[in-house]
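Architecture at a glance
Here is how the chains run, residue by residue.
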Amino acid sequence: MAGKKLRNLDALKPFRSDATGQELTTNQGVPVADDQNSLRAGERGPTLLEDFIMREKITHFDHERIPERVVHARGQGAHGFFEVYKPMTKHTRAAFLQDPAVRTPVFVRFSTVGGSRGSADTVRDVRGFAVKFYTTEGNYDLVGNNMPVFFIQDAIKFPDFVHAVKPEPHNEIPQASSAHDTFWDFVSLTTEATHMVMWLMSDRAIPRSLRMMEGFGVHTFRLVNSAGKGTFVKFHWKPLLGVHSLAWDEAQKLAGKDGDFNRRDLWESIDSGNFPEWELGVQLFSEEQADSFDFDVLDPTKLVPEELIPVQRIGRMVLDRNPDDFFAETEQVAFCAAHVVPGIDFTNDPLLQGRIFSYLDTQLSRLGGPNFHELPINRPQCPFNNNQRDGMHRQSIGVPRVAYEPNSINDNWPVEVKNGFQSYLESIAGPKRRVRAESFKEHFVQATLFWNSQTDVEKTHIVKAFSFELSKLERPQIRERMVGVLANVDATLAARVADNLGLKAPRVTTASSKKKSGILESKALSMLKQEPGPVATRKVAVLAADGVDAAAIKAMRTSLSAQGVQLKVLAAKLGTLKAADGTAVPIDHTILTMPSVVFDGLFVPGGTKSIAALSASADAIHFVQESYRHCKPLCASGEGTQLLERGGIASESDAGNGVITASAKGRKSLEAAFLTALSRHRFWQRESVDAVPA
Ligand code: HDE
């Protein structure tokens, strides 16, 4: 297959239905003459059972829903491709990791975990990051998350964990939130969850965009080369747009103002040709290296610090096509942690071992039987043949008259492949026991590593997130217990959270194990210590009214769009504005339909009349204040500074604080300074300015 470029669309052609230019028919192909009226006995009489057309239509409608995923119910999918940078032959025989000329089609589904299918996008949660590679040797699913560790160590605890994080069973409240008693009860009694809870309370749990998230395979997997040699591997996805988050207040408001914020963002960026891209990173290490670590690589509550084993970037994934049919693609896609290909294998991570079972099993009830692999989005794009047959919704027609092996009637086809999938040859010996390995028993060292790796701003956000969630609990004893757990992570963290909860700082115990690796901080664990990435695809709001300075908008638009930043003009109502120079300025949105929370920055151009009108508008002032409070870059030119002042914001240019105004700089550098501010994403130090409301 080397050199052949695969494209998903071609492979799916026979399954695509398109009614454009076609006649309306029943499912049996019978032409329908009247789709407006059911068949009645008399003009005003009862509808007849005989009306097979209406019954077929309504029966199908009655069964349109399938069970939502038990976790990760809400998601958004996209098609794309993966290509490897150089042959990975030394470490793996996986076909899709050999030839840089080959583009392997992928389908990716991002998701939140706890909420139901209709819940909001921007809730505090882990994000699923599941990738299906349609390789020439079968489908490979890398079913990961945007955080590199997990809450529990053993699959047998997964139902308990999920029952605890889902809404409380008696009233199904709260939706899509861990801020309730059962979650904190469970995690405070299950200290192995502490490391992951630190990630969940960090800004990783409120991504600005699905395009600005890292992805992780979480478990240690194994690459296997053609000689059967194994290498441990941790998978990473590194976004080219950097890793960015929302502000917590903003995330909560977005959940109401645009519950589809993350989904819309992904859709619109692909739709407009701004294809999101990630590099696939691997951390490769031997069993001997693994043995030297101060944690067990089979424990999914632990990560391998990049300082210990660097991440090598081995390929890239580009998402370049939106699905045509949400249900047929994003909803029906069935990821499975057991979908591996020759050259990629599992390890004995006890969480992974359970996942190998769970995913296929769950599809049986979600997709209604064992033939879901035949659905267009799930079927491999390479030949697949075996002696399985029948079952609900079987689509393929088995032509040979045998479905068993050995057989002589069909010359024993299909035949085994000598070079087919072979499990890594691993020697296992030991008593059969229900046991947690000694090497899994240390629960806090990496939680402390995570905490120590954060900037002060990130630490404050973590403290606030713990304080917010624990404040919501009905049972004070759970709150206290959790603060006690935090004392094992860091004394200051525990004391700060305790203070916010009106509790005494707990007595501090020191983390229980000595670090062999000696790594006390890891830069890669902080979002703010990473390169911010380009500003392309960021959105800037322009507040305007009649009399606006059109030249200022034009100059800003020219500079910003050269960097791929989108400028949207917002006014009190739709239509066009009459600028001060008499030109017409088209309005993109109203202030009320596109609130400040859907933008990355704000520009207020001058114009005496425009600013006078905006200064008299509570909505406009709120917009400015909210943008400021959410730490977004603000820019004002000419009289625009007066609107900032009206919002209680000092209007002197203060680049360090993300406020760029004309008063200190000339026009040319105003745009450049604003672009620099946008590239910083947020100016978190402003959070401490309580005087500006939002
Ligand atoms: Fe999942 N998980 N999981 N999970 N998971 C599911 O499969 C499960 C875990 C992840 O967009 C389910 O098709 C068990 C870790 C993603 O369709 C189910 C355990 C990681 C998705 C299931 C875990 C994940 C799922 C629900 C512990 C990160 C969404 C519906 C042993 C590495 C995939 C479904 C999509 C979905 C089971 C833990 C990621 C029930 C038993 C760790 C991204 O099979």
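Residues numbered from 1 in each chain as written. Predicted model: local features only at pLDDT ≥ 70, side-chain atom pairs only at ≥ 80, totals over all residues. Heavy atoms only, no water.

What to know about the overall build of the protein
For the protein, the count of helices and strands is 19 helices and 18 strands. Along the first, second and third principal axes, the C-alpha set of the protein runs to 90 × 80 × 55 Å. Per-residue burial over the protein gives 51% buried out of 694 residues. Taking contacts inside the protein between residues at least 6 apart in sequence as the whole, the part at least 24 apart equals 74%. Put simply, the protein shows about 32000 Å² of open surface, and 53% of that area lies on carbon and sulfur atoms. Both charge centroids of the protein, one from 81 positive and one from 83 negative side chains, sit 2 Å from each other. (Helix = DSSP H or I, 4+ residues; strand = E, 2+ residues; numbered from the N terminus. Buried < 20%, exposed > 50% of the residue type's maximum accessible area, 1.4 Å probe, protein only. Contact = heavy atoms within 4.5 Å. Areas by Shrake-Rupley, 256 points an atom, 1.4 Å probe, with all protein chains shown as cover. Lys, Arg positive; Asp, Glu negative; His and termini not counted. Charge placed at Lys NZ, Arg CZ, Asp CG, Glu CD.)

Thoughts on the site of the ligand
Surrounding the ligand, one finds 23 residues, the nearest of these being Arg69, Arg109, Ser358, Tyr359 and Gln363. Taking Arg69, its side chain carries an N or O atom lying 2.7 Å from an oxygen atom of the ligand. For the ligand, an oxygen atom lies 2.6 Å from a polar atom in the side chain of Arg109. Every element with two or more residues in the shell around the ligand is listed here: strand 3 (127-135), strand 4 (138-145) and helix 10 (350-366). (Near = heavy atom within 4 Å. Polar contact = N/O pair within 3.5 Å; in protein donor to acceptor, adjacent residues only side chain to side chain.)

What about the packing of helix 11 (residues 445-452) against helix 12 (residues 456-471)?
Remark: helix 11 packs on helix 12, axes separated minimally by 9 Å, with the N-to-C direction vectors making an angle of 125°. Comparing their axes, helix 12 and helix 11 come out oblique. Of the residues in helix 12, those in contact with Phe450, Trp451 and Asn452 of helix 11 are Lys459, Ile462 and Val463. Of the residues contributing to the contact of helix 11 with helix 12, the split by class is four nonpolar, one polar and one charged. (Axes fitted to C-alpha atoms, helices over the stretch in contact; angles between N-to-C directions. Parallel < 35°, antiparallel > 145°, perpendicular 65-115°, else oblique. Nonpolar A, V, L, I, M, F, W, Y, C, P; charged D, E, K, R; others polar.)

Structural notes on helix 6 (residues 248-257)
Taken residue by residue, helix 6 has Glu250, Ala251 and Leu254 as its buried positions. For helix 6, the angular spread of the buried residues around the axis is 100°, confining them to a single face. Residues of helix 6 that are buried sit in contact with helix 7 (261-271). (Arc of directions from axis to C-beta.)

Digging into the pairing of strand 7 (residues 230-239)
The buried fraction of strand 7 amounts to nine of the 10 residues, a majority that puts the element mostly inside the structure. Here strand 5 (residues 215-216) runs beside strand 7; their pairing, made up of two bridges, is antiparallel. Among the inter-strand pairings, Gly215 is bridged to a residue of strand 7, identified as Trp237. Of the strand pairs in this sheet, strand 6 (residues 221-224) and strand 7 are connected by four bridges, and their pairing is antiparallel. (Pairing = 2+ DSSP bridges.)

A look at the confidence of the model for the protein
Considering every residue of the protein, the mean pLDDT works out to 95; 96% of them sit at 70 or more. Within the protein, the lowest mean pLDDT, 59, falls on helix 1 (residues 8-12), and the highest, 99, falls on helix 5 (residues 194-200). (pLDDT = per-residue confidence, 0-100.)

Quick look at empty space enclosed by the protein
Taken as a whole and judged by the stated rule, the model has six cavities of 30 Å³ or more. As for the largest cavity, its lining consists of 19 residues, of which Pro148, Phe216, His236, Gln283 and Leu303 are closest to the centre. Here the lining of the largest cavity takes four residues from strand 7, the largest share from any one element. Considering the residues around the second largest cavity, the lining is formed by Arg74, Gly75, Gln76, Phe110, Ser111, Thr112, Asp121, Arg127, Leu210, Asn262 and Arg263. Among the secondary structure elements, those contributing two or more residues to the lining of the second largest cavity are strand 1 (75-84), strand 2 (104-112) and helix 7. The leading source of residues in the lining of the second largest cavity is strand 2, at three residues. In terms of residue class, the lining of the second largest cavity is made up of two nonpolar, five polar and four charged. (1 Å grid on protein atoms, 1.4 Å probe; cavity = no way out; pocket = protein on both sides within 12 Å on 5 of 7 lines; lining within 4 Å. Points joined across faces, edges and corners; volume = space filled by probe spheres on them.)

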